[in-house]
Amino acid sequence: MQKERGKKSCSDTATDTTTTAIINDKTDVPLLSIVEYFPDDQSSDCGYCKQRRRKREQQKREDMNETESSLSFSHGFIAHAMSAEAYERAINFGFRRSGRWVYKPTKDKSCCVLCTIRLPVREFEETKGQRYARRKFERFLVNDEEERGNDDVFDELAVKEEDDEEDDNEKSLLKAAIVEAVGNAYPSIVRDDDWNQKLSFEIKEVKNNKMKNSSDNCAVYMTSVCFALASKMKDDIERVANLVHANIRKIENWRCEVSNRGFINFHSLVPERRIVIERKKEKKMKASVAKTVREKAMVKKEKKRKKVFRVEVLASEFRQEDYELWKRYQAVVHKDKPSKLKVSSYTNFLCDTPLVSNKNNNNDQGSKHFRYFIDDELVAVGVCDILPTCLSSVYFFSDPDLQKLELGKFSALYEIDWVKQKHETNENFKYYYMGYYIHDCVKMKYKGEYKPSELRCPTTGKWVLLDDKKTLERLNAHSFKLYHNEEEEEEEEEEDEEDDITNPLNRQFIALLRNNKFQGVSLLSPQLHAILASSVRGRKQIETLRKFRKELGGDNSFAVLIGDMFDDDEEEDDEEEFEEDCGVSETSRSMSE
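Residues numbered from 1 in each chain as written. Predicted model: local features only at pLDDT ≥ 70, side-chain atom pairs only at ≥ 80, totals over all residues. Heavy atoms only, no water.

*Asks:* Explain the environment of lysine 307 here, please?
*Replies:* Mapped onto the elements, lysine 307 comes out in the loop between α13 (273-302) and β10 (309-315). For lysine 307, a relative accessible area of 18% corresponds to the buried category. With 164 residues separating them along the chain, lysine 307 and asparagine 143 place their C-alpha atoms 8.8 Å apart. (Helix = DSSP H or I, 4+ residues; strand = E, 2+ residues; numbered from the N terminus. Buried < 20%, exposed > 50% of the residue type's maximum accessible area, 1.4 Å probe, protein only.)

*Asks:* When you look at the sheet that holds strand β12 (residues 366-374) in this model, what are you seeing that I'm missing?
*Replies:* Pairing between sheet strands relies on hydrogen bonds along the backbone, with the strands arranged either parallel or antiparallel. One open sheet holds the eight strands; their spatial order is β10-β12-β13-β14-β15-β5-β16-β17, and the pairing between them is mixed. The open sheet terminates on both sides in strands that have one partner only, identified here as β10 and β17 (463-465). When the angles between neighbouring strand axes are averaged without regard to direction, this sheet yields 30°. Bridging between strand β5 (residues 115-120) and strand β16 (residues 454-456) involves two bridges; their strand directions are antiparallel. Each residue of the ladder has a partner; that of isoleucine 117, found in β16, is leucine 455. In the packing of helix α4 (residues 84-91) onto the sheet, contacts are made with β5, β13 (377-386), β14 (390-398) and β15 (431-437), and the angle to β14 comes to roughly 80°. Where helix α14 (residues 320-333) meets the sheet, its contacts fall on β12, β13 and β14, and the angle it forms with β14 comes to roughly 70°. (Pairing = 2+ DSSP bridges. Axes fitted to C-alpha atoms, helices over the stretch in contact; angles between N-to-C directions. Contact = heavy atoms within 4.5 Å.)

*Asks:* It is not clear to me how the packing of α14 against helix α15 (residues 343-351) should be interpreted in this structure. Could you clarify?
*Replies:* To characterise two packed helices, one gives the angle between the axes of the helices and the distance between these axes. Close contact between α14 and α15 brings their axes to 11 Å; oriented N to C, the two are set at 100°. In terms of orientation, α14 and α15 fall into the roughly perpendicular class. Each of Asp322, Tyr323 and Trp326 in α14 lies in contact with α15, whose residues at this interface are Val343, Ser345, Tyr346 and Leu350. In the contact of α14 with α15, the residues fall into five nonpolar, one polar and one charged. (Parallel < 35°, antiparallel > 145°, perpendicular 65-115°, else oblique. Nonpolar A, V, L, I, M, F, W, Y, C, P; charged D, E, K, R; others polar.)

*Asks:* Would you mind going over the sheet that holds strand β8 (residues 254-258) with me for this structure?
*Replies:* Taken in spatial order, the four strands make up an open sheet running β6-β7-β9-β8, and their pairing is antiparallel. Either end of the sheet is taken by a strand with one partner, and the two such strands are β6 (204-205) and β8. Inspection of the sheet shows strand β7 (residues 219-223) paired to strand β9 (residues 264-268) by four bridges, in the antiparallel sense. Across the sheet, tyrosine 221 pairs through a bridge with phenylalanine 266, a residue of β9. Sitting on the sheet, helix α12 (residues 237-246) touches β8 and β9, and the angle it makes with β8 is about 160°.

*Asks:* Looking at this structure, I do not really get the environment of glycine 382. What am I missing?
*Replies:* Position of glycine 382 relative to the elements: it lies in strand β13. The sequence separation of glycine 382 and phenylalanine 397 amounts to 15 residues, and the corresponding C-alpha distance is 6.7 Å. With residues near it in sequence (within four places) discarded, glycine 382 still touches Lys368, His369, Phe370, Tyr372, Tyr395, Phe396 and Glu415.

*Asks:* Before we go on, may I ask you to explain the pattern of salt bridges in this structure?
*Replies:* Opposite charge on two side chains allows them to pair when their charged atoms are near. Within this structure, the stated rule accounts for 21 salt bridges. For the salt bridge of lysine 136 with glutamate 406, the shortest nitrogen-to-oxygen distance reads 2.8 Å. In this pair, lysine 136 sits in helix α5 (residues 128-140) while glutamate 406 sits in the loop between β14 and α16 (407-423), placing the two residues 270 residues apart along the sequence. For lysine 136, a relative accessible area of 11% corresponds to the buried category. Overall, glutamate 406 belongs to the partly exposed group, its relative accessible area being 28%. Across the salt bridge formed by glutamate 312 and arginine 310, the nearest N and O atoms sit 3.5 Å from each other. On the accessibility criterion, glutamate 312 (22% relative accessible area) is partly exposed. (Salt bridge = Lys/Arg side-chain N within 4 Å of Asp/Glu carboxyl O.)

Below, the structure written as structure tokens:
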């Protein structure tokens, strides 16, 4: 897609160092991003739903006599130079980049529902499987694969992890019910996108010393969400607990009650549950013994450690060692043909980046390569974009000989830890973006395992919890609308109408081209807008600018490239008048040349 767009680009010179210098040297004005927008949808084969695509193609041919096989549609822009702030705004409006091509799936027309997914790292809690993956990697640094495979202690721990998966599923089910009940009890609080993070509650297993809070001794789980909710709403804890309890929907095989201290307890209605609990207690005791044995074994073998793990974070650029690892990964894991594994393919996709930094900004921002080493041997590379409030994961590739280590899962945990560490000194840096999430695609489902993940609604742009009951229902129904609020939608429609009337382009920056040469950046004033509107080509440029502004919520930190905007039969002095009104200096022209 990026290569095809590049052929249509108005100017190849806009990506050179001169352009970058022009936007960076003006430290007294906001850092602008120079982009070239392509509003028309482009179709391509979808690699996520091959089976469903074949069925739909067959249905189309039968009903409409169509032979079109491309069911994934997207549009976007080429970013010749882009600030980290501007790109973060773009991904929050549903865009993602592949090299310099920044694209957005077209809702309703595409076969799959692609939703931007992010994780608030402050609320992240590792699952049993994720903790097991982390420990498996740590054990690899001490022992080789064969020794770990014959270790009965580690086998016992693996069994424990599998047994506890049921607990995770039960907790997720009960937590979803609590979230729904809070939303029904206090509709006003749900309007706050960050309410679940602020309340910060979880479903905990009831210990023996807390059984007295229940009316019987069969309580399995409990939650203290009402305490945080009462504090936020400044209300009595007992009244809040009763209100939330009254809004909890009926859950099969479960009964809930409010304790005399404000806790909400969940009781199992399955008679065999007590036997299951006792068995799990026995397994946990055995696992505790196994953990002690494992820790002693780790201490003994610490002195014999031969494998040293380290990570270095470097700027995004071509490195031969990384390229060779990428070729092996693509050939073995994705079965790519050697003809597709060219240096240019790797560079355009994973090295070339439009992100630039202002001299006054943090130099840590931009595109980075997280390079993972074991005993000074490169085993994996994570390509990431570090933005003002988040780390956005772009791509990951690793040594195909180490697939059993689940390095993809381990790298995600490492990057989450990295964001947490940065958050300690920068409280605004708090999100981990994982690209797009596709609910009915097995390859993408793993992203939802990092909880509590949030999805961006492709239609409204609102963020919703992935584990919310209504969200899951709409995802299962293959809906592009995950959030619905009629009042907010009416207000947004009124704002859009008002923007159209008051001319939203009066604060738009444009990057000027003449004969495919970069002329400089100017603010599109009402006078220049009128000059553009005097020609057919200029009116098309205005319409393109209008669509682009709407795509990014009216943001004016983007300078959109426009080419020769006058018709061929018009006077050349119109172009000179346009440049004079823009204030393009001879210095800008000489710099671009």
